[in-house]
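Architecture at a glance
Residues per chain, in single letters:
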Amino acid sequence: MTDETATTTDVTGTGSAATDMDVAGADVTGTDVAGAAGTGGGRSADGDGAAGADDVLVTVEGLEVHFPIKRGIVLERTVGYVYAVDGIDLTIRRGETYGLVGESGCGKTTMGRGLLRLVEPTGGRVVFDDTDVSTLKGETLRKSRRRMQMIFQDPLSSLDPRQSVESILVEGMRAHGLDSGKESTRARLVELLDSVGLPESALHKYPHEFSGGQRQRIGIARALAVEPDLIVADEPVSALDVSVQAQVLNLLEELQQRLGLTYLVIAHDLAVVRHISDRIGVMYLGSLVEEASSDEMYAEPMHPYTKALLSAVPVPDPTVEDEREQILLTGDLPSPANPPTGCRFHTRCPWKQDTLCDTDRPELREVGDGHRVACHYAEDIAAGRITRHEVEPELVHPDT
Amino acid sequence: MALLDVRDLSVVFKRKGTRPFTAVDGVSFSVEPGQTVGLVGESGSGKSVTSLAIMGLLPKRGAEIGGSVTFSDTELLTLSDKQLRDRRGRDLGMVFQDPLSSLNPVITIGLQITEVLERHRGMTRKEARVEAAELLDRVGLPDPQRRIDEYPHQLSGGMRQRVLIAIALACRPKLLIADEPTTALDVTIQAQILSLLSELVSETDTALIMITHDLGVVAGLCDDVNVMYGGRIVERAQRHDLFERSRHPYTHGLLQSIPRLNAPRGEPLTPIRGSVSDNIEWEQGCAFAPRCPNATDVCWSEPPELKADDGRMLRCHNPVAIGDAVTEGAL
Ligand SMILES: Nc1ncnc2c1ncn2[C@@H]1O[C@H](COP(=O)(O)OP(=O)(O)OP(=O)(O)O)[C@@H](O)[C@H]1O
Ligand SMILES: Nc1ncnc2c1ncn2[C@@H]1O[C@H](COP(=O)(O)OP(=O)(O)OP(=O)(O)O)[C@@H](O)[C@H]1O
Ligand code: SF4
Ligand code: SF4
Ligand SMILES: [Mg+2]
Ligand SMILES: [Mg+2]
């Protein structure tokens, strides 16, 4: 991660980011109903309990990360783009857990990395605690990084096997000048380990000497070492044994309460996300299709994709399983290098209509208190005015 | 008479310079025609080794197999390689987790199916091709006439898994073993594959052994469920009994610890303490003892036997009390 920090600092593509931002901005205002619903200011005006405007820690506006597809050996040319993240607007409030779900390849990880600028966004901006981090460079960027940390899916591959736990933890502290003295550093290390439930003796061990769950605790301690405000946790429990996942999920919740942390939790497991998140954003092919509170998303999903996704999750309860009405989607996820026109879900949507769906890209618009949906027909579907129909599976080739 | 009867199956891996490792220990269960039996347990609990032993796919050297596996009255463990291959082709089908590594990358999917049809069902090439296209259509591969000439890498993960199921079905097996067939897939694709499997099972009376670490998958699909821990079956019950009143502390703990989509938010989870690396040897006592909230002295010194109790099989000295066994979330 330190290496990544070093390289990304060099390639600050702020120039192009600004240009793309204009495009994204035009897009937002381009529709009728959407209005300014996309930004934090608009949402918090509704006065949603504790969430006043200054409670927003992160604002993401029109974020885009397009990866060029290069061909040719001698003369490399760009033959297209993978639209990994393609226009995301969201806000994360201080102290909350925002869960990002979606299927493999929909851009969750890239979104998290783009937010932290571990990958350079090609458009849009990220405002962190009133500072536009999209334009930060060099030392100021490095400093702002202390406040935003990441936890990875596979604890083993994200920890250097040759480094002892002590040196893994001290590294980040040193980089940000937090290792003030031998005594206090030592005390801090012990405190860190204690807070993630590891004994002091862990300091002199190496990552391979720990179980998967313990390694994830080390990853969490490393993130905490620099006293961040925001933690982006990318699939924090999906590599762990089922019996160990709950330990780590509880730990994350406990730390949040104690330290007032803000989380962006990225996961493909809906049950995990539903459990840990206050609010959830559902991604499909690079953009958000729905956003709501965790309870509302479960009780009243409005976007056809969210409905299908929720209905597909197997629940360890035979009675629920027997009675469940599944919305089976046909076909595969289209390639993010060649996303469908109009609504990106129209090739698989069981509610697709003959107008708008394959021509106009639906804006993420507010349909209820804190509930946003990107579907032209969300209200009609909710009211039962249009019903589900069969979909012919469309073929998708994995390599583009 | 059961279609498949596994009795006291054990698999010990022996390698020079290392201690023998018992991956599967005294596993017994049976499968009736048309029945779906689940094998659940977390990573390393011996699920795959059990299925490989049944299929005769474990390496000859280094793996010592004990017990018996009877399939339609034939003992499989003593068959010659050739007899076994024949049997496998005709009556037993297997679907693995990773379709790409179990498909031949340089042969079209059509040929991979027609090969089976020609060898095991004595079809001509022409007949086989027609049947292959039908099979692909049956497993829901769109546009099979065209896809039949494509290579595995040209298909998505979900479509590859369908092809693998088509291959497994080509010989009209009486028993299909699916080892984590959906673990590598997205949840919406998983739903497609699971509904395909249960449809096939009910239409053709094929028996199915479903191996997975996902309790949700088992809850909807299986008639009987075996829970494995450290190479042994610790609880076996019909799915409603197992999920609504789990009696083994491990099963119960697992069901309490997993986040549920249908549970209200805000309740902390009840984790199982420790990890499998804390296990003690089964020879010594109950492997789960270091993690078990019900453990007493006897658990550390006496290995529990698998015994019939409360309409199920249980391997435990102090099962969860019947009143406490109702699993939260069961509506
Ligand atoms: N560095 C990169 N260069 C080119 N393409 C990339 C790069 N990183 C990601 N992608 C592509 O961007 C898309 C989104 O990937 P991403 O890893 O963000 O998805 P994800 O939602 O995190 O998926 P998963 O659940 O599998 O982790 C994918 O098509 C991926 O192949
Ligand atoms: N060929 C082998 N040689 C030695 N040990 C093996 C071999 N195959 C499996 N094992 C060991 O046997 C144990 C059981 O493995 P198995 O693959 O059956 O687990 P599993 O329940 O299928 O787990 P997973 O969910 O990870 O697939 C593991 O500890 C594994 O390391
Ligand atoms: S906009 Fe149309 S295609 Fe997209 S989700 Fe809504 S109904 Fe389906
Ligand atoms: S035998 Fe003892 S340790 Fe093992 S599961 Fe039962 S109560 Fe727990
Ligand atoms: Mg990812
Ligand atoms: Mg396995």
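Under an unreviewed UniProt entry, chain B has the name ABC transporter ATP-binding protein and belongs to Prauserella alba. Database annotation for chain B, UniProt heading Sequence similarities (unreviewed entry): "Belongs to the ABC transporter superfamily."

Going by an unreviewed UniProt entry, chain A carries the name ATP-binding cassette domain-containing protein and comes from Prauserella alba.

A short note on the domain arrangement of chain A
Residue and element names in this part refer to chain A. If you check the domain split of chain A, you get domain 1 (56–284) and domain 2 (296–382). The straight-line distance from the C-alpha centre of domain 1 to that of domain 2 is 28 Å. Between domain 1 and domain 2, the contact holds 16 residues from the first and 18 residues from the second. When domain 1 packs against domain 2, the two sides together hide about 1,500 Å² of surface, and 64% of this comes from carbon and sulfur. When the buried surface of domain 1 facing domain 2 is broken down by residue, L270, V282 and Y284 rank first, second and third, together holding 41% of it.

Describing the sheet that holds strand β2 (residues 77–93) of chain A
Residues and elements named next belong to chain A. The strand order across the open sheet formed by four strands is β2-β1-β4-β5, and the pairing between neighbours is antiparallel. The sheet terminates laterally at β2 and β5 (131–132), the two strands that pair on one side only. On top of the sheet, helix α4 (residues 108–115) reaches β1 (56–71), β2 and β4 (123–128); it is set at about 115° to β1, its chief contact.

A closer look at the interface of chain B and chain A
Every contact between the two is made by 57 residues of chain B and, on the other side, 49 residues of chain A. Interface of chain B and chain A: buried area, both sides summed, is about 4,400 Å²; carbon and sulfur atoms make up 59% of it. When residues of chain B are sorted by the area they lose upon contact with chain A, T188, L261 and R265 of chain B head the list and together hold 20% of the total. Here chain B and chain A share one salt bridge between them. Close ionic contact of D322 of chain A with R239 of chain B constitutes a salt bridge, the shortest N to O distance being 2.9 Å. At the boundary of chain B and chain A, one finds 16 residue pairs in polar contact (both at pLDDT 80 or more). Going through the elements one at a time, α6 (144–147), α7 (157–170), α8 (187–204), α9 (215–221), α10 (239–244) and α11 (249–257) of chain B are the ones with two or more residues in the side of chain B that touches chain A. Residues of the side of chain B that touches chain A, tallied by class, amount to 24 nonpolar, 18 polar and 15 charged.

Describing the sheet that holds strand β11 (residues 365–368) of chain A
Residue and element names in this part refer to chain A. Pairing is mixed in the open sheet, where eight strands are placed in the order β6-β7-β8-β3-β9-β10-β12-β11. In this open sheet, the two edge strands, each paired with only one partner strand, are β6 (148–151) and β11. Between one strand and the next, the sheet's axes are offset by a mean angle of 25°, whatever the strand orientation. Pairing of strand β10 (residues 287–293) with strand β12 (residues 371–373), which is carried by two bridges, proceeds in the antiparallel orientation. Each residue of the ladder has a partner; that of E290, found in β12, is V373. The strands that α4 touches are β3 (97–101), β6, β7 (230–234), β8 (262–267) and β9 (279–284); relative to β8, the one it contacts most, it runs at about 150°. Together, β9 and β10 form the strand contacts of helix α13 (residues 304–312), whose direction differs from that of β9 by roughly 105°.

Concerning the site of ligand 4
Lining the immediate surroundings of ligand 4 are 13 residues, of which C286, C292, C299, C316 and H317 of chain B lie closest. Taken together, the residues that form the shell around ligand 4 break down as nine nonpolar, four polar and no charged.

Concerning the site of ligand 2
Residue and element names in this part refer to chain B. The immediate surroundings of ligand 2 are formed by 13 residues, with S43, G44, K47, S48 and V49 found nearest. Coverage of ligand 2 by the protein amounts to 64% of the 630 Å² it exposes when considered alone. For the shell around ligand 2, the secondary structure elements donating two or more residues are β2 (21–31) and α1 (47–55). Top contributing element to the shell around ligand 2 by residue count: α1, with three residues.

Remarks on the confidence of the model for chain B
Summary statistics for chain B give a mean pLDDT of 91 and a share of 98% for residues scoring 70 or more. What the predictor reports for the complex is a pTM of 0.87 with an ipTM of 0.88.

Considering the side chain of S28 of chain B
Residue and element names in this part refer to chain B. Note that S28 resides in strand β2. Overall, S28 belongs to the buried group, its relative accessible area being 15%. From its side chain, S28 meets the backbone nitrogen of D8 in a polar contact 2.8 Å long. Not counting residues within four places of it along the chain, the set of residues in contact with S28 comprises V6, R7, D8, I233 and R236.

Describing the confidence of the model for chain A
All names here are of chain A. Summary statistics for chain A give a mean pLDDT of 84 and a share of 85% for residues scoring 70 or more. Here helix α2 (residues 14–29) stands out as the element of chain A with the lowest mean pLDDT, 33, in contrast to β12, whose mean of 98 is the highest. In this model residues 1–51 is a low-confidence stretch, pLDDT under 50, and it forms 72 contacts with partners more than four residues away in sequence or in other chains.

Observations concerning unusual backbone geometry
Notably, R117 of chain A is not glycine yet its phi reads approximately 55°, a positive angle. Owing to a relative accessible area of 2%, R117 of chain A belongs among the buried residues under this scheme.

Criteria and cut-off values
- Residues numbered from 1 in each chain as written.
- Chains lettered and ligands numbered in written order.
- Predicted model: local features only at pLDDT ≥ 70, side-chain atom pairs only at ≥ 80, totals over all residues.
- Heavy atoms only, no water.
- UniProt positions renumbered as here; feature names shortened; annotations may be inferred.
- Domains from an automatic or database assignment.
- Contact = heavy atoms within 4.5 Å.
- Buried area = accessible area lost by both parts, 1.4 Å probe.
- Pairing = 2+ DSSP bridges.
- Helix = DSSP H or I, 4+ residues; strand = E, 2+ residues; numbered from the N terminus.
- Axes fitted to C-alpha atoms, helices over the stretch in contact; angles between N-to-C directions.
- Salt bridge = Lys/Arg side-chain N within 4 Å of Asp/Glu carboxyl O.
- Polar contact = N/O pair within 3.5 Å; in protein donor to acceptor, adjacent residues only side chain to side chain.
- Nonpolar A, V, L, I, M, F, W, Y, C, P; charged D, E, K, R; others polar.
- Near = heavy atom within 4 Å.
- Areas by Shrake-Rupley, 256 points an atom, 1.4 Å probe, with all protein chains shown as cover.
- pLDDT = per-residue confidence, 0-100.
- Buried < 20%, exposed > 50% of the residue type's maximum accessible area, 1.4 Å probe, protein only.

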